[in-house]
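Here are the chains, one letter per residue:
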Amino acid sequence: MRVKAVATATLLTLALTGCGAEIAPAGDAAAGSAHYPVTVDNCGAKVTFDRKPARTVTNDVGITELMLALGLADRMAGYVMPDDKGRVDQVAWKDGYQQTTWLSKRQITKEIALEAKADLVFAGWHYGFDEAGGFTPQALAGLGIGSYVLSESCRSGKGPERGVMSPLDALYTDLANLGEIFDVRDRADKLIAEFRAQVAAVPQPERRPRVFLYDSGEDKPYTSGKFAAPEEIIAKAGGQNVMGDLADSWTTVGWESVVQRDPEVIVINNYGSPDAEAKRAFLKSFPPLAGVAAVRDDRIFVLDYVDLVESPRNPAAITALAAYLRGVTTG
């Protein structure tokens, strides 16, 4: 299999027949079918696939579930994911986890990809790809391994800021691209249509309450700007992200800006340690927040990490948050 990525002024050709690649499973005639080559736009680069990837390695739970929701467990060599990202046994695609391999609960590395004989790594900036650790699409290309970058994490070109499209557009873009890359466009189109209908059917509250997404941090909070999934989850649920004017995805702000914007609801991103209850306790005991409406009125709602990063769980998260916000505005 061969992947070509064409950027604005750069042509990068990745020959995936080298140390990190493995030919498609025997009898897999579709891998070299008339569907190929296919070209998709990934974070502003044109990427061409000459055949269907056979040994994809994914990083993190949301990215993994994009593959599983499309029924692509058989095209995976495995996934890398900490064990603190919530339960995975209650989703429609839960059986997919049993059909592939949990490669590591630690950070994804070139060594993991090589050992898995990966021909494609599906990760994102801050979702596995990282210059400091030397794990980048360019580094993988040097090993003969292709890459696909999560659209939520696309860099804007202005520095480390991420995000070039609205969060749900990122979700639908990745599903459509994966549909082309793996020749399952019918599945992808069906899933996109179902998600669009689910989001469109969410009733809106009488007014749009101000919402702050709290991920972590005590000295300074880590939150969502307008290009991370919570922005559109909040908006489609009928709320207003108080940090929605920040042209970034996940980012750090100051507590003074939170106090100034006086959110009526705080949504906690639940994962790892401290857990949601510890985060709630901190928010309710942190003196600067004592006068903030959400804390004063105890309007704190919890969603899991996988609900709040780009994933096929986003529509269900919108539905759940919308029900809570309707109670806030009518209570």
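In this text the structure is predicted, and so the values were computed from the model without any measurement.

Draft legend 1. Geometry of the state of the cysteines. Under the criterion given, the structure shown has one disulfide. Note on cysteine connectivity: Cys43 is disulfide-linked to Cys154, with sulfurs 1.9 Å apart. For the disulfide bridge between Cys43 and Cys154, the dihedral angle about the S-S bond is near -75°, and by the sign convention the bridge is left-handed. Highlighted residues: Cys43 in the loop between strand S3 (38-42) and strand S4 (45-49) and Cys154 in the loop between strand S10 (146-149) and helix H5 (167-181), separated in sequence by 111 residues. Look at Cys154 and you get buried, because its relative accessible area is 1%.

Draft legend 2. Representation of the environment of Ala323. Tracing the backbone shows Ala323 in helix H12 (residues 314-330). Judged by relative accessible area, Ala323 falls into the partly exposed class, the value being 41%.

Draft legend 3. How the structure looks around the sheet that holds strand S13 (residues 240-241). The strand order across the open sheet built from four strands is S13-S11-S15-S16, with neighbouring strands paired in parallel fashion. Edge strands, defined here as strands with exactly one partner in the open sheet, are S13 and strand S16 (300-304). In this structure, strand S11 (residues 210-214) lies alongside S13, joined through two bridges in parallel fashion. Residue pairing for S13: Arg210 is matched across the bridge by Gln240. Of the strands in this sheet, S11, strand S15 (265-270) and S16 are in contact with helix H9 (residues 276-285), which crosses S15 at around 145°.

Draft legend 4. Structural view of the pattern of salt bridges. Applying the stated rule across the entire model yields 16 salt bridges. Glu264 serves as the salt-bridge partner of Arg210, at 3.3 Å between the closest nitrogen and oxygen. Taken together, the residues span a long stretch of sequence, with Arg210 in strand S11 and Glu264 in the loop between helix H8 (255-261) and S15 at a distance of 54 residues. For the salt bridge of Arg261 with Asp245, the shortest nitrogen-to-oxygen distance reads 2.8 Å. With Arg261 in helix H8 and Asp245 in the loop between S13 and strand S14 (250-252), the pair connects residues that are 16 residues apart, well separated along the chain. Classification of Arg261 as partly exposed rests on a relative accessible area of 28%. Through salt bridges with shared partners, a single network forms among Arg207, Arg210, Asp262 and Glu264.

Draft legend 5. Summary view of the packing of aromatic side chains. Under the definition given, this model contains 14 aromatic pairs. Ring pairs connect the aromatic residues Phe212, Tyr214, Trp255, Phe282 and Phe286, which therefore count as one cluster. Above the plane of the ring of Trp102 lies Lys105, whose end atom (NZ or CZ) is 4.7 Å from the centre.

Draft legend 6. Molecular detail of the pairing of strand S8 (residues 120-125). Counted residue by residue, S8 has six buried out of six residues, so it is predominantly covered. As paired strands, strand S5 (residues 56-59) and S8 are joined by three bridges and run parallel to one another. Within the sheet, the bridge partner assigned to Val57 lies in S8 and is Val121. Pairing geometry for S8 and S10, over four bridges, is parallel. Residue pairing for S10: Val121 is matched across the bridge by Ser147.

Calculation rules
- Residues numbered from 1 in each chain as written.
- Predicted model: local features only at pLDDT ≥ 70, side-chain atom pairs only at ≥ 80, totals over all residues.
- Heavy atoms only, no water.
- Disulfide = S-S within 2.5 Å.
- Helix = DSSP H or I, 4+ residues; strand = E, 2+ residues; numbered from the N terminus.
- Buried < 20%, exposed > 50% of the residue type's maximum accessible area, 1.4 Å probe, protein only.
- Pairing = 2+ DSSP bridges.
- Contact = heavy atoms within 4.5 Å.
- Axes fitted to C-alpha atoms, helices over the stretch in contact; angles between N-to-C directions.
- Salt bridge = Lys/Arg side-chain N within 4 Å of Asp/Glu carboxyl O.
- Phe/Tyr/Trp six-rings, centres within 6.5 Å; stacked < 30°, edge-to-face > 60°.
- Lys NZ or Arg CZ within 6 Å of the ring centre and 35° of its normal.

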